[in-house]
Structures are given as structure tokens and as C-alpha cells.
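# Observations on chain architecture
Each chain, written out:
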Amino acid sequence: MDLHLHLGPLEPGDLSAWPDLHVRTDGHPTLVGAALRGQPLDLQFGARVRAYPDPVRDTFLTLAVQDQPNLRATRAAMNLGAQDFARILSFLIRTPIEWAAKPAGSERSE
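Note that the coordinates shown come from a computational prediction; the quantities given were computed from them, not determined experimentally.

### Focus on helix H2 (residues 29-36)
The periodicity of an α-helix, 3.6 residues per turn, causes residues three or four places apart in sequence to face the same way. Buried residues dominate H2, accounting for 6 of its 8 residues. Looking only at H2, the buried set comprises Thr30, Leu31, Val32, Gly33, Ala34 and Ala35. Along its buried surface, H2 packs onto helix H1 (21-25), helix H3 (45-50) and helix H4 (54-64).

### Description of helix H5 (residues 71-78)
The backbone nitrogen of Arg72 has a side-chain oxygen 3.1 Å away, supplied by the residue at the start of H5, namely Asn70. Positive backbone phi, approximately 55 degrees, marks Asn79, located one or two places after H5.

### Section: the pattern of salt bridges
Inspection of every chain in the model, using the stated rule, returns 5 salt bridges. Here Asp26 ties to Arg50 by a salt bridge, and the two come within 3.3 Å at their closest N and O atoms. One end of the pair, Asp26, is in the loop between H1 and H2; the other, Arg50, is in helix H3, and 24 residues separate them in sequence. Given a relative accessible area of 39%, Asp26 falls into the partly exposed group. In this structure, Arg87 engages Asp84 in a salt bridge whose closest nitrogen and oxygen atoms are separated by 3.0 Å. Residue Arg87 and its partner Asp84 are both found in helix H6 (residues 82-94); the two are separated by 3 residues, about one turn of the helix. The exposure class assigned to Asp84 is partly exposed, which follows from its relative accessible area of 39%.

### Here's the deal with empty space enclosed by the protein
Applying the stated criterion across every chain yields a total of 1 cavity of 30 Å³ or more. Counted as a void, the largest cavity has a volume near 50 Å³. If you go around the largest cavity, the residues you meet are Gly8, Pro9, His28, Pro29, Val49, Arg50, Arg57 and Leu61. The set of elements that each furnish at least two residues to the lining of the largest cavity consists of H3 and H4. Looking at the lining of the largest cavity residue by residue, the classes come out as 4 nonpolar, 2 polar and 2 charged.

Rules behind the numbers
Residues numbered from 1 in each chain as written. Predicted model: local features only at pLDDT ≥ 70, side-chain atom pairs only at ≥ 80, totals over all residues. Heavy atoms only, no water. Buried < 20%, exposed > 50% of the residue type's maximum accessible area, 1.4 Å probe, protein only. Helix = DSSP H or I, 4+ residues; strand = E, 2+ residues; numbered from the N terminus. Contact = heavy atoms within 4.5 Å. Polar contact = N/O pair within 3.5 Å; in protein donor to acceptor, adjacent residues only side chain to side chain. Salt bridge = Lys/Arg side-chain N within 4 Å of Asp/Glu carboxyl O. 1 Å grid on protein atoms, 1.4 Å probe; cavity = no way out; pocket = protein on both sides within 12 Å on 5 of 7 lines; lining within 4 Å. Points joined across faces, edges and corners; volume = space filled by probe spheres on them. Nonpolar A, V, L, I, M, F, W, Y, C, P; charged D, E, K, R; others polar.

The structure is reproduced here in C-alpha cells:
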């Protein structure tokens, strides 16, 4: 069976059980998860991720939704060769990311 998973922001209808959630998060899955956990939101996070090149953004989002990221499964799901996947991972490692939510009580280092 072929399964196609849409990677991107959730639609307002997907979040209809939480009336203001789409407005607060723009449907960004990482922000939605943080909001549902009651964590503070970094509302610029979605814009930074959307600015990534498509393969980088899609790989990042695929890894972000996994409790325990599986690189082999992610590479297969993204249909990427080893060299392309290595370049994407290198980009993500080199690019500073301030996560969408920080654990309560933690401080960001500047």
C-alpha cells in the first residue's frame, strides 16, 4: 500500500476541536504540539522553517514529528539518496534553530 503524508501546516478544519489554535500557531505542527502541551510559543519559528529549501523543510518536519527520530526511515520516506540526505542533515546541524517551545523554567542562552 502506498501512503502519502502531507507535510506542512495543518488546516483550520484539522484543528476545529481547539477554536483559537490555528490562529495562534498558523497550523505549524511543532507549534500546535507545543500549544497543546501548554508550552510558550516562538511565533517566528514557523516563518524560519518555511524559509528553508523544500527538501530541507520537509526533512526537518518529518524528523520533528517523530518521538525518536529514525534517520534510515526518514531518508526512505523522503526518497533521498545518501549523499543528498547527508547534505540536508549537515545543513540542519549547521543552521541554528531556536525550537518552537522551550521547557518551562529554562532560559535561552544568547
